[in-house]
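Listed below are the residues making up each chain.
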Protein chains: 2
Amino acid sequence: MHPTSLTDSTFPYEIKDFNFGRILDENPNFHSVIVLGTLPVPSSLQSSETSSSKEASGPSESVAVARLPAILRIERTAFPPSFTDGLSSGVVASTRLIEHTDIYSWMHGWLERKEDLPDVKINVIFPATEVHIRKYTKQELLMVTETPELYDGVVKPYIEAFPASRTQWVRDVVDGKSEAERILCRTSDFLILPDMKWDPSGPISSLYLLALACGPSIRSLRDLRGGKRGHVGMLEEIRETAYEIVAERWGLGRGNLRMYVHYQPSYYHFHVHIVHASQAGMMGMTVGQAHLLDDIISMLKLSPTVLSELTFTYGLGAQHGLYGGMAAAQAELDVSWKGTR
Amino acid sequence: MHPTSLTDSTFPYEIKDFNFGRILDENPNFHSVIVLGTLPVPSSLQSSETSSSKEASGPSESVAVARLPAILRIERTAFPPSFTDGLSSGVVASTRLIEHTDIYSWMHGWLERKEDLPDVKINVIFPATEVHIRKYTKQELLMVTETPELYDGVVKPYIEAFPASRTQWVRDVVDGKSEAERILCRTSDFLILPDMKWDPSGPISSLYLLALACGPSIRSLRDLRGGKRGHVGMLEEIRETAYEIVAERWGLGRGNLRMYVHYQPSYYHFHVHIVHASQAGMMGMTVGQAHLLDDIISMLKLSPTVLSELTFTYGLGAQHGLYGGMAAAQAELDVSWKGTR
């Protein structure tokens, strides 16, 4: 039952030939690590162009092998459904006690080798470019504070300079040019469809829908207003329509949904994330980045202009387009805070 | 190098004797599963008292073995530091391609058996009681909406009925009777100390501090007020003091901290969670449950009584003391919402 190495002759490399360079990122909570290293250039691709990457390992090695950068994202696999049944038939081959006290004990375990029980999932990018390396390198996250003045001076100009091409896909969806068959519901103000990240064949707890405003006028939650001509009606309709859709299609109740808006969002065309309430530990639901639709509605009902008056605090990665401007501005805010103490 | 089974004669059971019953909970994001089953009663504990749990497996088995309930929490292990170095020397023993396209490929991998590379960590509770089983069983999470009226009618009475013994540990800390040596800073209003969940020997990104109010008058964020005699001064001082502590002790900047308050909290004595901004995917940071300290300050500055006027939305597990009352109240809210549409 021990699986053999990949020997498909059409596939150009094997992981055992990977030379480790450095760690780009890791997340112990998710049991994952991303590393940069090199793999040998497949003989079919060897040419004089790649000779600059050649590494001679010493005089004893007669053949120099050209190598190119490769990124490996290695993640522990989730347990397959067969795993728990296997507990009675010895899938845990051996254990080593770490500690025990009273009725509690902790141990490490080694599993049986099984065809249907891989240890890891490996994503490979090969050859990897500088752009890939930057993208997968851990970004220092800076918590920044956006006062209304900083919104006007830094964020709003950034949003207005955003190339229209970045939200062309939204306009295509709204215009019915793409994903028309996936749309679950459409009104004059918004439409609701499954998020691209959701695999509907997964458990219902992975449910992930998206509500997209039809018009482009709301760029972010900073533009939302209460009052008679404001957006509360639309926001409440998005919420009630989402409840109706998940009740009809999936038999879920109102209490099974968590709906939120990102600030900063990844694109500046108003949208609401609609996920199953039992999703836990998902990125993008973190306080500071995510704002509950219910909270937004409640705040706008109390004070119609509150979202233009509040100070927002959120994390920015070093590669984010706002990082430079906002990081510089924080230093000045810090000085003024210290001055007022 | 293959680790052998646990044979410490003082330890009363082996995982290979576990009989699987059912899954209590699982979380694919965290690669963990919690199962209920049985383990044989150690011979040292066998007595007539346990005979009621005896299982006769058939006439051919001459010795009936008494068994008792056991809970196993099995989690994939994080990669040890040695793992990434090992990538160059073949720790990935074999692979199987899932798919490949252009420069991207995905595969499953099987790792070498190594003493220092366990596959799983197993927490065992044995014998487990009904209370343990309930505690580890997945709780249906219901998103509930708490209007100011529901706070007054359901939540406030619940908080006021909370036994004082539940927050005795807080008073002991505040009075200096416990954890005195761990306190990082104390003012007349609050103190800051490492959270019990934090292991300071881990990476600095796991930093987790706690700010505890000294007085018992603020039970939750619902009690926070702005204005001259309000709490903004104390909240700002908590924030600035936390910045100073992490700068002095760990060389971290202001942008490296995320501070938040839970609603509902697990105990009704005001406290602020202070964690490293790069913590990702940690439970307890989810929007709806967590509220940024910065947001709270900003809201109170705009409107001193806003936290008693807002409607809050959050998830409640079926075992939570507020579940019954809040779940019943939601049905009435739903009716009134539908009526106003």
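Procedures and definitions
Residues numbered from 1 in each chain as written. Chains lettered and ligands numbered in written order. Predicted model: local features only at pLDDT ≥ 70, side-chain atom pairs only at ≥ 80, totals over all residues. Heavy atoms only, no water. UniProt positions renumbered as here; feature names shortened; annotations may be inferred. Least-squares fit on C-alpha atoms with pLDDT ≥ 70 in both. Contact = heavy atoms within 4.5 Å. Axes fitted to C-alpha atoms, helices over the stretch in contact; angles between N-to-C directions. Helix = DSSP H or I, 4+ residues; strand = E, 2+ residues; numbered from the N terminus. Parallel < 35°, antiparallel > 145°, perpendicular 65-115°, else oblique. Left-handed = near helix turned anticlockwise from the far one by under 90°. Nonpolar A, V, L, I, M, F, W, Y, C, P; charged D, E, K, R; others polar. Buried < 20%, exposed > 50% of the residue type's maximum accessible area, 1.4 Å probe, protein only. Polar contact = N/O pair within 3.5 Å; in protein donor to acceptor, adjacent residues only side chain to side chain. Buried area = accessible area lost by both parts, 1.4 Å probe. Salt bridge = Lys/Arg side-chain N within 4 Å of Asp/Glu carboxyl O. Pairing = 2+ DSSP bridges.

- The name given to chain A in an unreviewed UniProt entry is Scavenger mRNA decapping enzyme, and the organism recorded there is Paxillus rubicundulus Ve08.2h10.
- UniProt's Sequence similarities (unreviewed entry) comment on chain A is quoted here verbatim: "Belongs to the HIT family."

### Some remarks on the relation of the copies chain A and chain B
Then, number 1: When chain A is brought onto chain B, the operation consists of a screw motion whose angular component is 180° and whose axial shift is 0.1 Å, with 0.1 Å RMSD remaining. What we have between these two chains is a two-fold relation.
Then, number 2: Both copies share a contact surface, since 100% of the interface residues of chain A are interface residues in chain B too.

### Considering the packing of helix α5 (residues 232–250) of chain A against helix α6 (residues 293–302) of chain A
Residue and element names in this part refer to chain A.
Then, number 1: Running from N to C, α5 and α6 point in directions that differ by 150°, and their axes come no closer than 10 Å. The orientation of α5 with respect to α6, classified from their angle, is roughly antiparallel. Where α5 crosses over α6, the handedness of that crossing is left-handed. Contacts between α5 and α6 involve V232, L235, E236, I238 and R239 from the first element and L293, D294, I296, I297, L300 and K301 from the second.
Then, number 2: Residue composition of the contact of α5 with α6, grouped by class: seven nonpolar, no polar and four charged.

### Some details on the side chain of A:H262
All names here are of chain A.
Then, number 1: Tracing the backbone shows H262 in strand β12 (residues 257–262).
Then, number 2: Residue classification places H262 among the buried positions, given a relative accessible area of 12%.
Then, number 3: Only 3.2 Å separates the side chain of H262 from the side chain of H273, close enough to count as a polar contact.
Then, number 4: One polar contact links the side chain of H262 to the main-chain carbonyl oxygen of G284, over a distance of 2.7 Å.

### Things to note about the interface of chain A and chain B
Then, number 1: On the side of chain B, 104 residues touch chain A, which itself brings 104 residues to the contact.
Then, number 2: Across the interface of chain A and chain B, roughly 10,100 Å² is buried in total on both sides, 58% from carbon and sulfur atoms.
Then, number 3: Among the residues of chain A in contact with chain B, A:R76, A:W110 and A:V287 are the three that bury the most area, contributing 8% of the side total.
Then, number 4: Remark: the boundary between chain A and chain B carries four salt bridges.
Then, number 5: Of the charged contacts, one joins A:R96 and B:E115 as a salt bridge, the two residues approaching to 2.6 Å between their closest N and O atoms.
Then, number 6: At the junction of chain A with chain B, the criterion picks out 47 residue pairs in polar contact (both at pLDDT 80 or more).
Then, number 7: A breakdown of the residues in the side of chain A that touches chain B according to their chemical character gives 54 nonpolar, 28 polar and 22 charged.
Then, number 8: Taken together, the six bridges between strand β6 (residues 104–111) of chain A and strand β7 (residues 120–125) of chain B define a ladder with antiparallel strand orientation. Across the sheet, the residue bridging to A:M107 is B:I122, located in β7(B).

### Brief notes about unusual backbone geometry
Residues and elements named next belong to chain A.
Then, number 1: Cis rather than trans, the peptide bond between F126 and P127 has omega equal to -5°.
Then, number 2: With respect to the element layout, P127 can be found in the loop between β7 (120–125) and α2 (130–136).
Then, number 3: With omega at 0°, the peptide bond leading from Y263 into Q264 counts as cis.
Then, number 4: Here Q264 is to be found in the loop between β12 and β13 (271–276).
Then, number 5: Even without being a glycine, D102 presents a positive backbone phi close to 55°.

### Some remarks on the environment of B:A93
Then, number 1: Tracing the sequence through the fold places B:A93 in strand β5 (residues 92–101).
Then, number 2: Linking B:A93 and B:E112, residues 19 residues apart in sequence, is a C-alpha distance of 5.3 Å.

### Considering the UniProt feature "active site" (unreviewed entry) in chain A
Residues and elements named next belong to chain A.
Then, number 1: Sequence positions flagged by UniProt for "active site" (unreviewed entry) are, in local numbering, H271.
Then, number 2: Secondary-structure assignment places H271 in strand β13.
Then, number 3: Its relative accessible area of 4% is what places H271 among the buried residues.
Then, number 4: Within polar-contact distance, the side chain of H271 engages the backbone oxygen of H269 at 2.8 Å.

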